[in-house]
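# Reading the structure
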Amino acid sequence: MEKVLVTGAYGFLGKYLIKELVENDYKVIAFGRKKEEFEKLKQKNVDIYIGDFCNKKDIVNASKSVDYIIHAGALSTVWGKREDFINTNVVGTKNVLYACKQNKIKRLIYVSSPSIYSGKADKLNISENDFDDSNRLNYYIESKILAEKEIKATRNIPYVIIRPRGLFGIGDTSIIPRLIKANRKIGIPLFNNGKNIVDITCVENVALALRLAIESKKAVGNTYNITNGEPREFKEILEELFNKIDEPPKYLRINLNFMYGVSSIIEFIYKMFHIYKEPMITKYNICTLGYSQTLNIEKAKKDLNYKPKMTLSEGIEKYAEHYKRNKIL
Ligand SMILES: NC(=O)c1ccc[n+]([C@@H]2O[C@H](COP(=O)([O-])OP(=O)(O)OC[C@H]3O[C@@H](n4cnc5c(N)ncnc54)[C@H](OP(=O)(O)O)[C@@H]3O)[C@@H](O)[C@H]2O)c1
């Protein structure tokens, strides 16, 4: 049985990834920091390793008898201290690379992010090379670009980079909970009547793509966009989701350029006064909510044989059933 070490194992994606791997006969080493949380992951074919990938020794020791590493752990948020993003996402990734070298890991799969494509413009059918590596819309983006650079510059480590767009599913702590909270308070910010096209991904499909990245012969040395392949208007998705959870959507119709200006001023003030709590709006959020962004996933379909196993409507249905039963975000 081949062994896969998963960082970020207790994160949103990590839990789905472990399920996908175990169901397909891999043995998993779930790597992470929180002992109490990780005890809950223990099951047949899942071993726990408590450690911090910012500490080289931890990740080297954890990956001693491992075949593959999937590096999904990250500081994954839109706001915070630059040094925290650099330390976790860049230095942490360098440590993972070091562990790969020391332990002759067969393949490293790195979970990057299509937020590196984000900006103040509509962008459709983006392919993997269509990005500006000087994009500094936020520190998260900068750190993902720098981490990818480290990976691509390292010799003799077979790697695959996966960029999954907007993860959606039960356990999400970011996208859907934010929308539901906004809907209950002031309403969901809507620009241009929600006609912008978004391209999100059921988390189950991302887990599948990561397993395929281990298995595909053609994947080594390549980078892949991953989405559900179902780009749709933002408002249309909102209507489907909110109708399914029986909470009619309420919108806050605002001007995109005006809000981008406001968020720039807010960010400037937060940075000047070293406020690390996330502001109510950021330039990144405005770009994500206001502009179209769709990804070309043909390369993943061809090389990884990636076929999404869950449609967006199935994912919404599943989320809504869970939400109505539990009422927790
Ligand atoms: N969610 C999305 O929409 C999305 C979209 C594109 C790409 N991604 C990428 O997908 C990956 C998974 O995202 P997610 O949504 O599952 O994020 P998440 O829920 O925040 O999980 C990230 C995990 O990384 C762990 N981690 C952070 N620093 C660590 C360290 N130094 N040592 C060990 N573990 C550490 C965290 O553990 P602690 O609890 O101990 O902090 C957490 O469990 C990330 O690389 C993210 O950038 C996510």
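A brief structural summary. Source: prediction; values computed, not measured.

Thresholds applied
Residues numbered from 1 in each chain as written. Predicted model: local features only at pLDDT ≥ 70, side-chain atom pairs only at ≥ 80, totals over all residues. Heavy atoms only, no water. Phe/Tyr/Trp six-rings, centres within 6.5 Å; stacked < 30°, edge-to-face > 60°. Helix = DSSP H or I, 4+ residues; strand = E, 2+ residues; numbered from the N terminus. Buried < 20%, exposed > 50% of the residue type's maximum accessible area, 1.4 Å probe, protein only. Lys NZ or Arg CZ within 6 Å of the ring centre and 35° of its normal. Expected span 1.5 Å × (residues − 1). Bend = angle between axes of the 7 residues up to and from the residue. Contact = heavy atoms within 4.5 Å. Near = heavy atom within 4 Å. Polar contact = N/O pair within 3.5 Å; in protein donor to acceptor, adjacent residues only side chain to side chain. Nonpolar A, V, L, I, M, F, W, Y, C, P; charged D, E, K, R; others polar.

Here the focus is the packing of aromatic side chains. Scanning the entire structure with this criterion turns up 8 aromatic pairs. With centroids separated by 5.9 Å and ring planes inclined at 85°, the aromatic side chains of Phe12 and Tyr16 adopt a geometry described as edge-to-face. Highlighted residues: Phe12 and Tyr16, both in helix 1 (residues 12-23), separated by 4 residues, approximately one helical turn. With respect to burial, Phe12 and Tyr16 carry one shared label: buried. Members of the aromatic cluster, connected to one another through ring pairs, are Phe168, Tyr319 and Tyr323. The aromatic ring of Tyr224 is capped on one face by Lys299, whose charged end is 5.2 Å from the ring centroid.

In this section: helix 4 (residues 82-102). One turn of the α-helix equals 3.6 residues, which is why residues spaced by three or four share an orientation. Spanning 21 residues, helix 4 covers 29 Å between terminal C-alpha atoms, matching the ideal 30 Å at 1.5 Å per step. At Gly92, helix 4 shows its largest kink, close to 25°. What helix 4 keeps buried is the set Phe85, Ile86, Thr88, Asn89, Val90, Gly92, Thr93, Asn95, Val96, Leu97, Ala99 and Cys100. Elements that come into contact with the buried residues of helix 4 comprise helix 3 (56-62), strand 4 (68-71), strand 5 (107-111) and helix 5 (139-153). At the C-terminal side of helix 4, Lys104 shows a positive phi close to 50°.

Taken together, 24 residues are adjacent to the ligand, and Leu13, Arg33, Lys34, Asp52 and Tyr140 come closest. Contact distances for the ligand include 2.6 Å between an oxygen atom and a side-chain N or O atom of Arg33. One of the side-chain N or O atoms of Lys144 is found 3.0 Å from an oxygen atom in the ligand. The residue makeup of the shell around the ligand, split by class, is 11 nonpolar, 9 polar and 4 charged.

Here Asp25, not a glycine, exhibits a phi torsion of approximately 65°, which is positive. Within the secondary structure, Asp25 is located in the loop between helix 1 and strand 2 (27-32). Of note, the phi angle at Asn45 is positive, near 70°, even though the residue is not glycine. Inspection of the secondary structure assignment puts Asn45 in the loop between helix 2 (35-39) and strand 3 (46-50). By relative accessible area, Asn45 is classed as partly exposed at 21%.

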